[in-house]
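Here's the letter readout for the chains.
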Amino acid sequence: MTQTTDSAVTERASRRRSRPLIHRAWIVAAVTFVTIIGGAAFNSLPGLLIDPLNTEFGWSRGEIGLAVSLDMALYGLTAPFAAALMDRFGIRRVVVVALAAVATGALASVWMTASWQLLLYWGLLVGLGTGSMALAFSATVTNRWFVARRGLVTGVLTAAGASGQLIFLPLCAWIVKDHGWRPASVTVALAALVVIPFVTLLMRDHPADVGLAPYGGAYVEKPAPVTGAATRTVRVLFDAARTGPFWLLAGSFAICGASTNGLIRTYFVPSAHDHGMQITAAASLLAVIGVFDVIGTVFSGWLTDRFDARRLLAVYYALRGVSLLFLPMLMAPTVHPPMVFFIVFYGLDWVATVPPTLALCREQYGEDSAIVFGWVLASHQVGAALVAFLGGVVRDVTGSYDLVWYAAGALCATAALMALVIRRKATASAVTV
C-alpha cells in the first residue's frame with residue numbers, strides 16, 4: 001500500500017516538473033497574433049493609394065473602389081471555406097499558402113499598368129489570401145486551444161488586425177509620400193513573407209500534437225481530418241440559414257463591415273485629404289484608431305465573458321451610428337480636439353463587435369460555430385465591399401463622401417435593433433471564465 005502511494009506521489013511530482021511554465025496555447029495564440037499582423041499589412045494600403053493611382057493611371061475612384069470591393073468580398077467569402085480547410089489540412093498549411101498569396105499579389109501590383117490587373121492582384125490574390133487568415137482563423141485557434149479565457153483571447157486576436165494597422169499605416173503613408181506607392185506595396189509583401197517561418201516552426205494544429213490539453217480544459221484526442229471541406233461548409237450554411245439568429249447576426253455584421261472596413265478604412269484618408277489635410281496626418285489618425293481598437297477589443301472580450309452579448313452589440317452599434325452622423329462636421333485641414341475625440345471613440349468601438357458576435361455564434365451553433373462565424377464574417381465583408389464600391393461612386397458623382405457617412409450612421413441604428421431581438425438559446429450554458 002505504501003509503495004503504491006509513493007509511486008503515485010512520484011508520478012504526480014514528475015507531471016508537475018514536466019508541466020511548462022507557459023501553456024503552449026499562449027505561444028500558439030502569440031504566433032496567430034503575429035500572423036494576422038503580417039497578413040493584415042496590406043489592409044493599410046488601399047486608402048493611401050486611391051489618390052496616387054487616380055493621379056498616375058487616371059483610373060476613377062469607382063474603378064479603384066471596385067478592386068477594393070472584390071478584395072473585401074473574397075476576404076469574407078473565403079473565410080468559411082478556410083475554416084473547413086483548416087479542419088482538413090491543418091492550420092499551418094493553410095496559413096502558409098495564404099501568406100504566400102498575399103505577398104504575391106502585393107508584389108505583382110508593382111508592375112501593373114491596367115485596371116484589370118488591379119482586380120487580379122488586389123482583388124483576387126490578396127482577397128483569397130487575407131480571407132484565409134480572417135477571423136475564422138482566430139475562431140479555429142481559440143476553439144481548439146482554449147476552453148477558459150475564450151472571450152479574452154478572441155479580443156486579443158481580433159485586435160491583431162488593428163495592431164497591423166497601427167504599425168503599417170504611418171510607415172506606408174510616409175513611404176507613399178516620400179517614395180511613391182510601389183515601395184509601399186513591396187513593404188507589405190515582405191511583411192507577409194517574414195511571418196511564414198514563424199508559422200512553420202511554432203504553429204501547431206491541435207493541443208494533442210504536443211500531448212497537451214487545451215488551456216483550461218481536459219485532454220482530448222486530435223480528431224481525424226475532416227474530408228469534404230467544401231461540402232461541409234455549404235451544409236453548415238444551409239443548416240444555419242434555417243435559423244433566425246443567423247440572419248440577425250449576418251445582417252448586423254454586414255453593417256459592421258460597411259461602417260468600418262468599407263467606409264472608414266477605405267475612405268477616411270481620401271475624405272480628409274479632400275478637406276485639405278495632409279495624407280500623413282490623416283493616416284496617423286487612422287493609425288490611432290488602431291491603438292484604441294486594441295484596447296476596445298480586448299476589453300470587449302473581457303466584457304463578453306461576463307455580460308449578455310446581445311446588449312453589448314446593441315450599445316456598440318448605437319454609439320457607432322451616432323458618431324458617424326457627426327463626422328462630416330469634423331472634417332478640416334488640421335487636426336483639432338473634436339476630431340481626436342471621434343478617432344479615440346471610434347477606435348474603441350471598431351471591432352469590439354467581434355467577441356460578442358463570436359460568442360453568440362458559439363452559443364447558437366456549437367461545434368460548427370467557427371464555420372458559421374466564417375459565413376457571418378462573409379456578410380461583414382460583403383457589406384464592406386458594397387460600401388467600398390459605392391463610396392467611390394458617390395464621391396465621383398457628388399464630389400463628397402458626406403452622404404455615405406450619414407447612410408452608414410442610420411444603418412448602425414438598425415444593427416443595434418437587430419442585436420436586441422436575437423433570442424438566447426435555451427440550452428446555452430455560461431461561458432467558462
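1. A look at the nonpolar core
Phase 1: Judged by nonpolar contacts, the single largest core of 129 residues is most densely connected at Leu48, Leu53, Phe137, Ile264, Phe268 and Met339.
Phase 2: The biggest single contributor to this core is helix H17 (residues 369-398), with 13 residues.

2. Quick notes on the state of the cysteines
Phase 1: Under the counting rule described, the total for this entry stands at zero disulfides.
Phase 2: This cysteine, Cys256, is not joined by any disulfide, and Cys412 carries the nearest cysteine sulfur, 7.9 Å off.
Phase 3: We classify Cys256 as buried; its relative accessible area is 0%.

3. Brief notes about the environment of Val294
Phase 1: Looking at where Val294 falls in the secondary structure, it is placed in helix H13 (residues 279-304).
Phase 2: With relative accessibility at 23%, the residue Val294 sits in the partly exposed group.
Phase 3: A sequence separation of 136 residues divides Val294 from Thr158, and the C-alpha atoms of the two residues are 8.1 Å apart.

4. Notes on the pattern of salt bridges
Phase 1: This model, assessed by the stated rule, comprises eight salt bridges.
Phase 2: For Asp178, the salt bridge identified is with Lys177, shortest N-O distance 3.8 Å.
Phase 3: A cluster of three or more residues bridged by salt bridges with shared partners is formed by Arg235, Asp239 and Arg242.

5. Overview of a nonpolar patch on the surface
Phase 1: On the surface, Leu21, Ile22, Trp26, Ile27, Val194, Phe198, Leu201 and Leu202 cluster together into a nonpolar patch covering about 830 Å² of accessible area.
Phase 2: For the nonpolar patch, the elements supplying multiple residues, two or more each, are helix H2 (24-40) and helix H9 (181-202).
Phase 3: If you tally residues by element for the nonpolar patch, the top one is H9, at four residues.
Phase 4: Along the chain, Trp26 turns up in helix H2.

6. What to know about helix H4 (residues 61-89)
Phase 1: Compared with the 42 Å implied by 1.5 Å per residue over 29 residues, the 39 Å span of H4 between its first and last C-alpha is a close match.
Phase 2: At Ala79, H4 shows its maximal bend, which comes to roughly 35°, and the proline Pro80 appears one to four places after that position.
Phase 3: Looking one or two residues beyond H4, the residue adopting positive phi is Gly90, at roughly 100°.

7. Quick look at the packing of helix H11 (residues 244-259) against helix H16 (residues 354-365)
Phase 1: Running from amino to carboxyl end, H11 crosses H16 at an angle of 165°, the nearest separation of the two axes being 11 Å. With respect to H16, the axis of H11 lies roughly antiparallel. Judged by the sense of rotation from one axis to the other, the crossing of H11 with H16 is left-handed. Counted together, Pro245, Phe246, Leu249 and Phe253 of H11 and Val354, Thr357, Leu360, Cys361, Gln364 and Tyr365 of H16 form the full contact between these two elements.

8. Considering the confidence of the model for the protein chain
For any part of a model where pLDDT is low, the fine detail of the predicted coordinates should not be relied upon.
Phase 1: Put simply, the protein chain has an average pLDDT of 82, and 91% of its residues get 70 or more.
Phase 2: Contacts of residues 1-18 to residues separated by more than four positions or lying in other chains number zero contacts, the stretch itself having pLDDT below 50.

9. Observations concerning the side chain of Thr32
Phase 1: Of note, Thr32 is situated in helix H2.
Phase 2: Apart from the residues lying within four places of it in its own chain, the contact partners of Thr32 are Phe137, Val141, Leu157 and Met203.

10. A short note on the side chain of Thr78
Phase 1: When you line up the elements, Thr78 lands in helix H4.
Phase 2: Within the local environment of Thr78, its side chain forms a polar contact with the backbone oxygen of Leu74, the two atoms lying 2.6 Å apart.
Phase 3: Apart from residues lying up to four places away in sequence, Thr78 is in contact with Gly127, Leu128, Gly131 and Ser132.

11. Some words on the packing of aromatic side chains
Phase 1: In this structure the tally under the stated criterion is 11 aromatic pairs.
Phase 2: With 5.8 Å between their ring centres and 10° between their planes, Phe299 and Trp302 make a pair best called stacked. Pair noted here: Phe299 and Trp302 are both in helix H13, with a separation of three residues, about one helical turn.
Phase 3: Put simply, the rings of Trp26, Phe146 and Tyr215 touch in pairs and so form one group of aromatic residues.
Phase 4: Arg88 extends its terminal NZ or CZ atom over the ring of Phe89, reaching a point 4.9 Å from the ring centre.

12. With respect to the packing of H13 against helix H15 (residues 337-349)
Between two packed helices, both the angle of their axes relative to each other and the distance between the axes serve to describe the pair.
Phase 1: Here H13 crosses H15 at 40°, and the two axes come no closer than 6 Å. Relative to H15, the element H13 lies oblique. Judged by the twist between their axes, the crossing of H13 over H15 is right-handed. In contact with Leu285, Val288, Ile289, Phe292, Asp293, Ile295 and Gly296 of H13, H15 contributes Met339, Ile343, Val344, Gly347 and Leu348.
Phase 2: Classifying every residue of the contact of H13 with H15 by side-chain character gives nine nonpolar, two polar and one charged.

About the cut-offs
Residues numbered from 1 in each chain as written. Predicted model: local features only at pLDDT ≥ 70, side-chain atom pairs only at ≥ 80, totals over all residues. Heavy atoms only, no water. Core = buried A, V, L, I, M, F, W, Y, C linked by side-chain atoms within 4.5 Å. Buried < 20%, exposed > 50% of the residue type's maximum accessible area, 1.4 Å probe, protein only. Helix = DSSP H or I, 4+ residues; strand = E, 2+ residues; numbered from the N terminus. Disulfide = S-S within 2.5 Å. Salt bridge = Lys/Arg side-chain N within 4 Å of Asp/Glu carboxyl O. Patch = residues over 30% accessible without salt bridge, like charges linked within 9 Å, V, L, I, M, F, W, Y side chains within 5 Å. Areas by Shrake-Rupley, 256 points an atom, 1.4 Å probe, with all protein chains shown as cover. Expected span 1.5 Å × (residues − 1). Bend = angle between axes of the 7 residues up to and from the residue. Axes fitted to C-alpha atoms, helices over the stretch in contact; angles between N-to-C directions. Parallel < 35°, antiparallel > 145°, perpendicular 65-115°, else oblique. Left-handed = near helix turned anticlockwise from the far one by under 90°. Contact = heavy atoms within 4.5 Å. pLDDT = per-residue confidence, 0-100. Polar contact = N/O pair within 3.5 Å; in protein donor to acceptor, adjacent residues only side chain to side chain. Phe/Tyr/Trp six-rings, centres within 6.5 Å; stacked < 30°, edge-to-face > 60°. Lys NZ or Arg CZ within 6 Å of the ring centre and 35° of its normal. Nonpolar A, V, L, I, M, F, W, Y, C, P; charged D, E, K, R; others polar.

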